[in-house]
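Remarks on the overall topology
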Amino acid sequence: MGTSIITAVATMALIVVLTLGFTTSYQSQVNLTQQSEAALRLQGQRVRTAMSITSVNTAGNQVLTLTVLNSGSTEVTQYAQMDVLVTYTDSVAQVVQRLQYVASNPSPGQWSAGPVSPQPVSGVWSPSASLTISAQLPSQRTSGTGSIVIGTPNGVTTSALF
Amino acid sequence: MDKVLTTVLLTIASLVTAGMLASAMIPTVSRTLGSMAVTSNVITQRIQTDMAVEYIVQNTSTNTLYLWVKNTGSNIIQPVEQMDVILAGNGLYQRITYGNGNGQWQFTLDQSTWLPNSTCSITVSNLTLASGQYTLTLTTPNGIGISKSFNV
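Presented here is an overview of the structure given in this document. (Residues numbered from 1 in each chain as written. Chains lettered and ligands numbered in written order. Predicted model: local features only at pLDDT ≥ 70, side-chain atom pairs only at ≥ 80, totals over all residues. Heavy atoms only, no water.)

All names here are of chain B. Strand direction decides the pairing type here: strand E3 (residues 84–89) and strand E7 (residues 133–139), joined by 5 bridges, are antiparallel. Bridging across to E7, Ile-86 finds its partner in Thr-137. Relative to strand E8 (residues 145–151), E7 runs antiparallel, the two being bridged by 7 bridges. Residue Thr-139 lies in a different strand from E8, and its bridge partner there is Gly-145. Hairpin geometry of E7 and E8 is characterised by an intervening segment of 5 residues between the two adjacent antiparallel strands and by a positive phi of about 90 degrees at Gly-143. (Pairing = 2+ DSSP bridges. Helix = DSSP H or I, 4+ residues; strand = E, 2+ residues; numbered from the N terminus.)

Written out as structure tokens, the structure reads:
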């Protein structure tokens with residue numbers, strides 16, 4: 001009788017332990033799989049993101065107008081999360097700066113995303129479409145060649161000289 | 001009567017044994033399951049962490065090294081000051097320490113934390129580099145590292 005109870009209790013304890021262990025392990029595995037898939041989706045999106053600067057126009061050695069082609073297969077929407085980085089030399093010294101995003105009419109040290117052509121959906125920079133970027137350098141470039149780097153919200157970059 | 005007494009004694013003994021068994025197993029099982037959950041959480045955070053160096057350039061006028069790094073994962077990277085910054089190349093191999101002194105690195109963020117898709121601007125002031133190629137390696141506090149080469 002006593003042996004039977006001990007056996008029953010031990011079996012129950014073993015079942016509870018195994019169930020708890022299996023459940024925790026399974027949940028951890030499911031969570032890891034979901035996070036791995038999410039990370040792969042992000043990496044896939046980065047691989048599918050590409051752009052190239054097709055033209056750079058400089059006015060007064062301070063105002064830049066760039067045409068950037070979305071040569072990838074993903075859309076870009078969050079312009080405020082893009083980066084515009086410049087390096088050039090003004091009358092004093094070398095300037096290295098990240099320009100600040102504004103919605104329109106950039107002042108010195110700022111940039112804005114202009115029209116997208118063609119743009120079937122407002123606020124979306126679709127694949128094969130060109131985005132116009134207007135930027136104002138913090139000061140006038142006086143000598144040498146400057147460099148501009150454009151970065152997408154997911155960290156893909158392209159650069160050009162001006 | 002003897003049989004009843006034996007049964008009662010055996011039942012009490014079995015219950016005591018079961019209780020002892022349970023009290024010995026439950027903490028061990030609890031610790032094991034807790035460790036599994038913590039390990040899973042750490043691995044998950046590492047999977048969610050990623051970054052990309054957008055640009056590295058040395059301002060030769062001020063001897064300041066500038067780099068811009070994008071958080072390309074889905075996890076907030078923090079604390080940023082616990083990242084490792086290692087510069088190698090051209091006969092140099094140096095871990096740059098965090099701080100506001102000469103040759104140390106500092107950072108600025110758009111928000112108070114380094115959110116996904118946002119950019120961290122890192123500067124290393126008064127760092128004199130000879131002309132040549134260098135590789136900069138950044139490692140997050142949870143051990144995700146990236147490297148990028150640049151020329152001075």
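The next point concerns the interface of chain A and chain B. Every contact between the two is made by 38 residues of chain A and, on the other side, 36 residues of chain B. Approximately 3000 Å² of surface area, both sides summed, lies buried where chain A meets chain B, with 64% of it carried by carbon and sulfur atoms. Seen at the junction of chain A and chain B, the total is 2 salt bridges. Our count for the contact surface shared by chain A and chain B stands at 10 residue pairs in polar contact (both at pLDDT 80 or more). For the side of chain A that touches chain B, the elements supplying multiple residues, two or more each, are helix H1 (2–48), strand E3 (83–89), strand E4 (94–101) and strand E7 (143–151) of chain A. (Contact = heavy atoms within 4.5 Å. Buried area = accessible area lost by both parts, 1.4 Å probe. Salt bridge = Lys/Arg side-chain N within 4 Å of Asp/Glu carboxyl O. Polar contact = N/O pair within 3.5 Å; in protein donor to acceptor, adjacent residues only side chain to side chain.)

In this section: the pattern of salt bridges. All told, the structure shown has 4 salt bridges over all chains when counted by the stated rule. Close ionic contact of Asp83(A) with Lys70(B) constitutes a salt bridge, the shortest N to O distance being 3.2 Å. Pair noted here: Asp83(A) is in strand E3 and Lys70(B) is in strand E2 (residues 64–71), and the two residues belong to different chains. Both residues of the pair, Asp83(A) and Lys70(B), belong to the buried class. For Arg98(A), the salt bridge goes to Asp110(B), with nearest N and O atoms at 2.9 Å. Of the two residues, Arg98(A) sits in strand E4 while Asp110(B) sits in the loop between strand E5 (105–109) and strand E6 (119–124), which places them in two different chains. For Asp110(B), a relative accessible area of 45% corresponds to the partly exposed category. (Buried < 20%, exposed > 50% of the residue type's maximum accessible area, 1.4 Å probe, protein only.)

Shape descriptors only; they carry no functional weight alone.
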